[in-house]
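# Coordinates in review
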Amino acid sequence: MTDTAIMPETATPIVKAVDIAYIRFSAPDLDAMERFVNDFGLVVVHRDDEVLISRGLEPMPFLHVVHRGPAKFMGWAFEVESEGDLDALADAVPGCSPVHDIGGVEGELGGGKRVHFVEPITGFVLEAVHGQQAEPLAPRRDRITYNHAGVDDRVGVEQDVSGNRYPIKKDPGPPEVYRLGHVVAAVPPGAHQAFMRFLENTFGMLVSDAARMIIPPGAEEHFPPPLVELIKSTGSDVMFQFMRMDRGAAETDHHSMLVLPLMDGTPEAQFSHAAFEVFSMDDVFRGHMHFRERAAEGAPYALAWGVGRHVYGSQIYDYWHDPYGHVHEHMCDGDRVDASYGPNTIDMTDPGQLGDNGGNQWGPTVEESGVHNLNGPQCDPRFADRPDEIRASLLSRDLSELQHVVDAI
Ligand SMILES: [Fe+2]
C-alpha cells in the first residue's frame, strides 16, 4: 500500500473529453422502459419495435437509448471537442472503430460523427461523439424563485412549485430533466484503479476527490474486511475517485464520472447509476413524490437512496431503480469547478470526512442510506425474485446477443 491517495500523474491523454453525451441500455420490454423514462421526466424522441430514444431540455439530440434485447447496461458516450479528437481515438485506442457518420435513427436525430470500442477492463461499450446538433426544448414551467430569510426575491407572487396549489393533488407528476450529469461504474477491486487510469490517459479526466481505503469508526459494515484487504492488495489505497472533464478555465461538473470498487464479489463491472440534472430542489422532490405514487400504484420502480444532499459534489439527490434495477438519479445544485480544483484526498480515517451519515450533508442515515444500493442492479431489492435469465444478463457484460447493435453504433 502506498501513501499516495491520488493516482500518479499520467502522460498526455489521447483527448480531453468535454462532457458525457448519453447512456445506452438494452431491455426485453421497451413498453415498460418507455413508461419509466416518461415517469422520470425525459422526452421520448423516437420509438419503434427495436429502440427507444429520449432526450432532456438541453440542446443535445438524445441522452438515453434503450435497444430491444437482453436486460443490460451497455455503456455510454463521451462528447469530444473536434473531429480530430475522434481521429486520435481511432488511431490510438486498440479495437476502436474508424470515425464515421452517426447512422440510422440516431444520425437522423442530430447528425454528428463518432467512434466506439469495447473497453477491455470493464466490458462496457464506450463511444465518443462530435458534432451532434439539436435545438433546446423550452421548459414547461418557470424557474422557481425562492425567498430566503431576509431576502425577498418573490414578492406578491404565490409559490406554486408543482402546479399543485389549485387543486391539491397527491402526485405532482414528473420533473423536467435538463441534461445528463454523470455516470458511475462499479468495477472489481484492482481493475477499478486500472479503469481510473484508463479514463485519465484516454479521455483526459481529472481527479476531483479521491478516497483512501482506511475505514472510519462506525462504518465497518459498509466496508467488509475482505474488501479492505483486497483494495490494499492492489498496491494502491485509492478506494474510489470522483473524476471530471478537463475544460481548462471553463467550468465543469465536480464529477462526470465516479469509479467505485464492487463491494459484493460480483465478478464483472456493473453500472452503478447515471445522474440527470433537474432545475431545483423542488424538482428533485417532485420526482421522489411521483415515483412513490407510481410505485404505490404497482409501477416497477424501487427507491435506492434519497432524498439527500451529498458532501462530494454537493448535489441534492434522489436515486431510483428502473424496471430492471438500473439506478437513475435526479440531481440538482452540484458543484461546478474548473481545472484548478483539487485533487483532494478524502481521508477515510477521519470520521468527519466520510461522516456517519452516509456521505450526506443531510439526508438518510448510514442505516437508511443506499451505499450498498449503488453497486449495480444486483442491489435492487427485487433482484433475487427475477428470472434466472434476467439476473444473468443484467450482471454479464457479454454482448454476443447485441452484436448487431454494437456493429451499428
Ligand atoms: Fe450520483
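The notes below deal with the structure included here. (Residues numbered from 1 in each chain as written. Predicted model: local features only at pLDDT ≥ 70, side-chain atom pairs only at ≥ 80, totals over all residues. Heavy atoms only, no water.)

## Some words on the overall build of the chain
Regarding its fold elements, the chain presents nine helices and 20 strands. Sequence separation of at least 24 residues holds for 73% of the intrachain contacts in the chain that already meet a minimum separation of 6. A total of about 16500 Å² of accessible surface is found on the chain, and carbon and sulfur atoms cover 51% of it. (Helix = DSSP H or I, 4+ residues; strand = E, 2+ residues; numbered from the N terminus. Contact = heavy atoms within 4.5 Å. Areas by Shrake-Rupley, 256 points an atom, 1.4 Å probe, with all protein chains shown as cover.)

## Examining the coordination of the iron ion
Listed as protein donors to the iron ion are His-182 (NE2), His-273 (NE2) and Glu-329 (OE); their distances from the metal cover 2.2 Å. Ordering the donors of the iron ion by residue number gives the pattern H-x90-H-x55-E. Here His-182 is found in strand S9 (residues 177-187), whereas its partner Glu-329 is found in strand S17 (residues 327-332), with 147 residues between them in sequence. A relative accessible area of 0% places Glu-329 in the buried class. (Donors = N, O, S within 2.8 Å, 3.2 Å for Na, K, Ca; no water. Buried < 20%, exposed > 50% of the residue type's maximum accessible area, 1.4 Å probe, protein only.)

## Points about the packing of helix H1 (residues 30-40) against helix H6 (residues 281-296)
Close contact between H1 and H6 brings their axes to 10 Å; oriented N to C, the two are set at 145°. Between H1 and H6, the residues in contact are Phe-36, Asp-39 and Phe-40 and His-290, Phe-291 and Arg-294, respectively. Taken together, the residues that form the contact of H1 with H6 break down as three nonpolar, one polar and two charged. (Axes fitted to C-alpha atoms, helices over the stretch in contact; angles between N-to-C directions. Nonpolar A, V, L, I, M, F, W, Y, C, P; charged D, E, K, R; others polar.)

## Looking at the sheet that holds strand S6 (residues 100-101)
Strand order in the open sheet made by the eight strands is S2-S3-S4-S1-S5-S8-S7-S6, with mixed pairing throughout. Both outer strands of the open sheet, strand S2 (43-47) and S6, are each paired with one neighbouring strand and no more. Pairing between strand S1 (residues 19-27) and strand S4 (residues 64-68): five bridges, direction parallel. In the sheet register, Ser-26 faces S4, and the bridge partner there is His-67. (Pairing = 2+ DSSP bridges.)

## Some points on unusual backbone geometry
Here Gly-306 and Val-307 are connected by a cis peptide whose omega angle stands at 0°. Looking along the chain, the bond that leaves Gly-342 and enters Pro-343 is cis, with omega of 0°. Note that Pro-343 resides in the loop between strand S18 (336-337) and strand S19 (344-346). Unusually for a residue other than glycine, Ser-314 sits at a positive phi of about 70°. By the element assignment, Ser-314 lies in the loop between strand S15 (302-310) and strand S16 (316-321). Since its relative accessible area comes to 11%, Ser-314 is described here as buried. Phi at Asp-333 is positive, roughly 55°, even though this residue is not glycine.

## Re the side chain of Asp-322
When you line up the elements, Asp-322 lands in the loop between S16 and S17. In this structure the side chain of Asp-322 is engaged in a polar contact, spanning 2.8 Å, whose partner is the backbone nitrogen of Tyr-324. (Polar contact = N/O pair within 3.5 Å; in protein donor to acceptor, adjacent residues only side chain to side chain.)

## So, the pairing of S2
On a regular strand, one side chain projects to one face of the sheet and the next to the other, so that they alternate. Here S2 runs beside strand S3 (residues 51-55); their pairing, made up of four bridges, is antiparallel. Following the sheet pairing, Val-44 is matched in S3 by Ser-54. The turn joining S2 and S3, which pair antiparallel and follow one another in sequence, is formed by three residues.

## Side note on the pattern of salt bridges
Inspection of the entire model under this criterion finds 23 salt bridges. Glu-127 serves as the salt-bridge partner of Arg-24, at 2.7 Å between the closest nitrogen and oxygen. Of this pair, Arg-24 sits in strand S1 while Glu-127 sits in strand S8 (residues 125-130); the two residues are 103 residues apart in sequence, bridging distant segments of the chain. Given a relative accessible area of 1%, Arg-24 falls into the buried group. (Salt bridge = Lys/Arg side-chain N within 4 Å of Asp/Glu carboxyl O.)

## Side note on the pairing of S17
Of all six residues making up S17, six are buried, and the element is well covered by its neighbours. In S17, alternate side chains face the same way, and those of Val-327, Glu-329 and Met-331 on one face and His-328, His-330 and Cys-332 on the other are all buried. Connecting S16 to the antiparallel partner S17 that follows it, the hairpin turn spans five residues, and Gly-325 within it adopts a positive phi of roughly 95°.

## Considerations on the environment of Asp-333
Position of Asp-333 among the secondary structure elements: in the loop between S17 and S18. Remark: the alpha-carbon pair of Asp-333 and Met-281, spanning 52 residues in sequence, is separated by 7.8 Å. Those residues in contact with Asp-333 that lie beyond four places of it in its chain are Arg-309, Gly-313, Ser-314 and Gln-315.

## Topic: a negative patch on the surface
On the surface, Glu-268, Glu-389, Asp-398 and Glu-401 cluster together to form a negatively charged patch. Taking relative accessible area as the criterion, Glu-268 reaches 34% and is therefore assigned partly exposed. (Patch = residues over 30% accessible without salt bridge, like charges linked within 9 Å, V, L, I, M, F, W, Y side chains within 5 Å. Lys, Arg positive; Asp, Glu negative; His and termini not counted. Charge placed at Lys NZ, Arg CZ, Asp CG, Glu CD.)

## Things to note about the packing of aromatic side chains
For the structure on display, the rule yields 26 aromatic pairs. Note on Trp-76 and Phe-195: the rings are 6.3 Å apart at their centroids and 80° apart in plane angle, and the pair reads as edge-to-face. One end of the pair, Trp-76, is in strand S5 (residues 72-79); the other, Phe-195, is in helix H4 (residues 191-203), with 119 residues separating them in the sequence. Like Trp-76, the residue Phe-195 is buried in the burial classification. (Phe/Tyr/Trp six-rings, centres within 6.5 Å; stacked < 30°, edge-to-face > 60°.)

## A look at the sheet that holds strand S14 (residues 270-278)
Pairing within the open sheet is mixed, and its ten strands lie in the order S19-S10-S11-S13-S9-S14-S17-S16-S15-S20. Among the strands making up the open sheet, the edge pair consists of S19 and strand S20 (360-362). Pairs of neighbouring strands in the sheet enclose a mean axial angle of 25°, with direction left out of account. Both S9 and strand S13 (residues 257-261) contribute to a ladder of five bridges, which runs parallel. What sits directly across from Val-183, in S13, is Met-257.

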